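Summary of the model geometry
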Amino acid sequence: MISFQTIRMVTDELNAFFRKNGVRYHYGMTTNGSLLECDKIEYLLSNKFDFFQITLDGGPKTHNKYRPFLNNTPSWNVITKNLLYMREQKEIFKVQIRVNYNAETFEDLDTLIDFIFHNLDERFTIFYHGIGKWGGKNDCNIDTFDNNMEVIARLMLIESTIEKQVNPEMNFSCYNPKRHMCYAGSPYHFTIGSDGKLRKCSEEGGESDTFNIVGTIENGRFEYNISKWSAFVLPGGAAGLE
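Bear in mind the structure is a predicted one, so any value in this text is a computation, not a measurement. Residue indices follow the written sequence of each chain, beginning from 1 at its first position. Note on the predicted model: pLDDT of at least 70 is required for a residue's local features to be given, and 80 or more for side-chain atom pairs to be given and counted; whole-chain, interface and lining totals, by contrast, use all residues. Hydrogens and waters are ignored; side-chain quantities use all the structure's heavy atoms.

**Quick word on a nonpolar patch on the surface**
Quick reminder of the rule: Each patch groups residues whose relative accessible area exceeds 30% and which form no salt bridge, using 9 Å between like charges and 5 Å between nonpolar side chains of Val, Leu, Ile, Met, Phe, Trp and Tyr. Accessible surface is estimated by sampling points in the Shrake-Rupley manner with a 1.4 Å probe; for residues, cover comes only from the protein chains shown. For salt bridges, the criterion is a side-chain nitrogen of Lys or Arg within 4 Å of an Asp or Glu carboxyl oxygen. Each helix is a run of H or I in the DSSP string that is no shorter than four residues. Each strand is a run of E no shorter than two, and both are numbered from the N terminus.
A contiguous nonpolar patch, built from I192, I217, F222, Y224 and I226 and spanning about 460 Å² of accessible area, is present on the exposed surface. Within the fold, I192 resides in strand β5 (residues 191–192).

**Quick notes on the side chain of D209**
Keep this limit in mind: Using a 1.4 Å probe on the protein chains alone, a residue whose accessible area is under 20% of its type maximum counts as buried, one over 50% counts as exposed, and one in between counts as partly exposed. Every residue pair with non-hydrogen atoms within 4.5 Å of one another is taken to be in contact.
With respect to the helices and strands, D209 occurs in helix α8 (residues 209–212). Using a relative accessible area of 16% as the deciding quantity, one classes D209 as buried. Not counting chain neighbours up to four residues away, the residues in contact with D209 comprise R199, E203 and E204.

**Quick word on the pairing of strand β3 (residues 94–101)**
Heads up, the rule is: Criterion used throughout: strands pair if DSSP finds at least two bridges between them.
Counting buried positions along β3 gives six out of eight residues, so the element sits mostly inside the fold. Across five bridges, strand β2 (residues 49–55) lies against β3 in parallel orientation. Among the inter-strand pairings, Q53 is bridged to a residue of β3, identified as Q96. When β3 meets strand β4 (residues 124–130), the two strands line up parallel, connected through seven bridges. Directly across from Q96, in β4, lies its bridge partner T125.

**Here's the deal with helix α1 (residues 4–21)**
Which entries qualify depends on this criterion: What a helix is expected to span follows from its residue count: subtract one and scale by 1.5 Å.
With 18 residues, α1 ought to run about 26 Å at 1.5 Å a step, and its terminal C-alpha atoms sit 26 Å apart, in line with that. Buried positions along α1 lie against β1 (27–31), α2 (38–46) and β2.

**Thoughts on the sheet that holds β2**
The test is simple: Fitted lines through C-alpha atoms give the axes, limited to the stretch in contact for helices. The angle between two N-to-C directions lies from 0 to 180 degrees.
Taken in spatial order, the four strands of this open sheet run β1-β2-β3-β4, and their pairing is parallel. Edge strands, defined here as strands with exactly one partner in the open sheet, are β1 and β4. Neighbour-to-neighbour, the strand axes of the sheet open up by a mean angle of 20°, direction not taken into account. Sitting on the sheet, helix α7 (residues 147–163) touches β3 and β4, and the angle it makes with β4 is about 165°.

**So, the nonpolar core**
A general feature of soluble globular proteins is that nonpolar side chains tend to end up buried together. How we decide: Remark: nonpolar core denotes a set of buried residues (Ala, Val, Leu, Ile, Met, Phe, Trp, Tyr, Cys) joined through side-chain atoms within 4.5 Å.
By size, the foremost hydrophobic cluster in this structure holds 39 residues, and its most contacted members are L36, F52, L83, M86, V95 and Y128. By residue number, the principal contributor to this core is helix α6 (residues 109–119), which donates five residues. In contact with L83, not counting residues within four places along its chain, are I54, L56, V95, I97, L120 and F124. Grouped together as the second largest cluster of nonpolar side chains are five residues, F190, L198, V214 and V233 included.

What follows is the structure, encoded as structure tokens:
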């Protein structure tokens, strides 16, 4: 959203290409919501952006603690103001409010659910995701649920959300942890990076590119490395090909 003029340029060019070639299309966006201001919302909704993932980590107390701006000022009011403006729009869209939780934010989630119930509508759903340690330099400072408790906590959150008449965006595989799978594990899921490379995960740049880049688009078709692809989608990774 910092580069919104680039988003507009790319969207306008894609729209023209899709219309010319009779391609059905729509767009989605993952954003923290802080720059999702009125004029930008109107542009996006009028150009077939119909899915948004926006993060609120609990009510104002825990969200502002875990997700402040870089200058350490609160972000809750800025983001929720933008959500309230989206609610006033008549277009068909869905906002998936992502909630990253640990034991502390878990205790504050009733505040968030009540806010959604009283202020938003059925286009706004909740997606719960446990806070994890993903290898960053601050992993040792991050509080997380015990792995054995995380799934139970998520089920409790889903049940509480339904009781409060808010729709939890849920993958039913959460009832069977062994079936939980990242989208990168889907054989037909790819992302096209800003450099034109074909990736399995949406993460781009740095060390992850050594395994994440699985191919390119050449001569109007996907050209990908079968061994790198299999590491994401086969149970045994590349060994599954042997």
